[in-house]
Amino acid sequence: VEMTFSVNDSPLAGREGKYVTSRQIRDRLQKELLKDVALKVEDSATTDSFRVMGRGEMHLSILIETMRREGYELQVGQPKVIVKEIDGKKCEPIERLVVDVPGDCVGSVIEKLGQRKGDLVEMTPVGDRMKVEFLIPARGLFGYRNDFLTDTKGEGIMASVFNSYAPYKGDISRRGMGSLISTETGDSITYGLFNAQERGTLFIGAGVPVYEGMIIGVANRGEDIVVNACRKKQLTNTRASGSDDALRLVPPRQMSLEQCLEFLADDELLEVTPKSLRMRKAILNHEQRMKSLKGKK
């Protein structure tokens, strides 16, 4: 699995981290290579970003968490598998996945893994539980852990190991929902968030610094939605009865580092600082983002 590590260039860059330059990030990655034989680091097309390759999503997320605790500030891209060309065919890494789940949950697990191009190899009953073995593309496991815990009511156990390279199995839909994207820069305000929460699930509460292009929640439909989290209530001379009642916000969904990495889409980045995890669009400006999207189409 590979990820792109780059210098943080968001509007909030440099506020929380101690080490923020590309030279400091490069030196830290080179230092990590001395003790981690499974890690590989290469320069990318730009001078302020690096290709970091490891054994899996968890391997790289441990490195990211270690760096942020040491005071580093950086941006990371979506995890991607390393594809090889073998005998003229595009091939991808396949994992041997073993899950141990309650018997009444096995149907939903098989269904979800089937949607992620997993092939069922073997099923073995163990008491009232079921041990199931799959061969599945490594990219099919990205973002699956949370679904797995939900489907098995927290009682499932899963473990995987690299099996082989095999011909590419086609596209896998990773995320069915879009992102809620901030259109303004400033501090989030209850009134703006109250209107935004009707359109999805928020990741932030009131009084949090936000900027244009920052992802503040997950949309309740399959496309990105732009919202103004900094919107203030316009005061008027006449007020209807009940209009001043306190607005109630649903508690925001707290996202861990692993959950943020799983959530990222192709055009999104994760801003990692010692104090914060912020997801954002690679192109922050809405108009430029739309032009880029039209160009790709």
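Residues numbered from 1 in each chain as written. Predicted model: local features only at pLDDT ≥ 70, side-chain atom pairs only at ≥ 80, totals over all residues. Heavy atoms only, no water.

Participant: Help me out: how do you make sense of the overall build of the chain in this one?
Facilitator: A count of helical and extended segments in the chain gives seven helices and 17 strands. Projected onto its principal axes, the C-alpha positions of the chain cover 70 × 50 × 40 Å. By residue count, 41% of the 297 residues in the chain fall in the buried class. In the chain, once contacts between residues fewer than 6 apart in sequence are set aside, the share between residues at least 24 apart is 72%. Averaging the coordinates of the 45 positive side-chain charges in the chain and doing the same for the 43 negative ones gives two points 3 Å apart. (Helix = DSSP H or I, 4+ residues; strand = E, 2+ residues; numbered from the N terminus. Buried < 20%, exposed > 50% of the residue type's maximum accessible area, 1.4 Å probe, protein only. Contact = heavy atoms within 4.5 Å. Lys, Arg positive; Asp, Glu negative; His and termini not counted. Charge placed at Lys NZ, Arg CZ, Asp CG, Glu CD.)

Participant: Can you help me understand the state of the cysteines in this one?
Facilitator: The bond known as a disulfide is covalent and runs between the sulfur atoms of two cysteines. Counted under the stated rule, the structure contains zero disulfides. C260 provides the cysteine sulfur closest to C230, a residue in no disulfide bond, and the two sulfurs are 20 Å apart. (Disulfide = S-S within 2.5 Å.)

Participant: Would you explain the sheet that holds strand β10 (residues 179-182) in this entry?
Facilitator: Adjacent strands of a sheet pair through backbone hydrogen bonds, lying either parallel or antiparallel. Read from one edge to the other, the open sheet built from four strands follows the order β12-β14-β10-β15, with strand pairing classed as mixed. A strand with exactly one partner marks an edge of an open sheet, and here the two such strands are β12 (200-202) and β15 (225-227). Between one strand axis and the next, the sheet turns through 35° on average, direction left out of account. (Pairing = 2+ DSSP bridges. Axes fitted to C-alpha atoms, helices over the stretch in contact; angles between N-to-C directions.)

Participant: Help me understand the sheet that holds strand β1 (residues 2-6), please; the structure alone is not making it clear to me.
Facilitator: Spatial ordering of the open sheet is given by β2-β3-β1-β4-β16-β17, a layout of six strands whose pairing is antiparallel. Each edge of the open sheet is held by one strand with a lone partner, namely β2 (40-43) and β17 (277-281). Between one strand and the next, the sheet's axes are offset by a mean angle of 30°, whatever the strand orientation. As judged from the five bridges shared by β1 and strand β3 (residues 49-53), these two strands associate in the antiparallel manner. Within β3, the residue paired with T4 across the bridge is R51. Here helix α2 (residues 57-69) sits on the sheet in contact with β1, β3, β4 (74-76), β16 (268-272) and β17, set at roughly 20° to β1.

Participant: How should I be thinking about the packing of aromatic side chains in this particular structure?
Facilitator: Between two aromatic rings, the relevant description is the distance of the centres plus the angle of the planes. Within the structure shown, the criterion is met by four aromatic pairs. Between F203 and F263, the aromatic rings sit 5.5 Å apart at their centres with planes inclined by 85°, giving edge-to-face as the arrangement. Pair noted here: F203 is in the loop between β12 and β13 (209-210) and F263 is in helix α6 (residues 257-263), with a separation of 60 residues, a long-range link. Directly above the ring of Y168 sits K90, whose terminal nitrogen or CZ lies 4.1 Å from the centroid. (Phe/Tyr/Trp six-rings, centres within 6.5 Å; stacked < 30°, edge-to-face > 60°. Lys NZ or Arg CZ within 6 Å of the ring centre and 35° of its normal.)

Participant: What is the right way to read the pattern of salt bridges from this model?
Facilitator: Opposite charge on two side chains permits them to pair, given that their charged atoms come into close proximity. Counted by the stated rule, this structure contains 23 salt bridges. One network of salt bridges, in which partners are shared, links E2, K40, E42 and R51. (Salt bridge = Lys/Arg side-chain N within 4 Å of Asp/Glu carboxyl O.)

Participant: Whenever I open this one, α2 confuses me. Can you help?
Facilitator: In an α-helix, one turn spans 3.6 residues; hence positions three or four apart end up facing the same way. For α2, which comprises 13 residues, the first-to-last C-alpha distance of 18 Å matches the rise-based estimate of 18 Å (1.5 Å per residue) to within 8%. All of the buried residues in α2 are E57, H59, L60, S61, L63, I64, M67 and R68. Immediately downstream of α2, the backbone of G71 shows phi near 105°, a positive value. (Expected span 1.5 Å × (residues − 1).)

Participant: What is the right way to read the packing of helix α3 (residues 106-115) against helix α4 (residues 144-151) from this model?
Facilitator: Their axes nearest at 10 Å, the elements α3 and α4 cross at an angle of 160°. As far as their axial angle goes, α4 and α3 are roughly antiparallel. Here α3 runs over α4; the crossing is right-handed. Side by side, α3 and α4 meet where S108, V109, K112 and L113 of the first sit next to Y144, D147, F148 and D151 of the second. (Parallel < 35°, antiparallel > 145°, perpendicular 65-115°, else oblique. Left-handed = near helix turned anticlockwise from the far one by under 90°.)

Participant: Help me out: how do you make sense of the side chain of E271 in this one?
Facilitator: Positionally, E271 belongs in strand β16. Its relative accessible area of 0% is what places E271 among the buried residues. Of the polar contacts made by the side chain of E271, one reaches the side chain of N8; its length is 3.1 Å. Once residues lying within four places of it in the same chain are set aside, the contact partners of E271 are N8, S10, L12, L74, Q75, Y211, S276, L277 and R278. (Polar contact = N/O pair within 3.5 Å; in protein donor to acceptor, adjacent residues only side chain to side chain.)

Participant: What should I look at first to understand the environment of T4 in this one?
Facilitator: Note that T4 resides in strand β1. Residue classification places T4 among the partly exposed positions, given a relative accessible area of 33%. In this structure the C-alpha to C-alpha distance between T4 and K40, which are 36 residues apart in sequence, comes to 12 Å. For T4, the contacting residues outside a window of four places in its chain are S49, F50, Q75, V76 and G77.

Participant: Could you clarify how one ought to interpret unusual backbone geometry in this entry?
Facilitator: One can expect most non-glycine residues to show negative phi and most peptide bonds to be in trans. In this model, K117 sits at a positive phi of 70°, which is unusual for a non-glycine residue. Relative to the helices and strands, K117 is located in the loop between α3 and β7 (119-126). Residue class for K117 comes out partly exposed when judged on its relative accessible area of 29%. In this model, K153 sits at a positive phi of 55°, which is unusual for a non-glycine residue. Here K153 is to be found in the loop between α4 and β9 (157-167).

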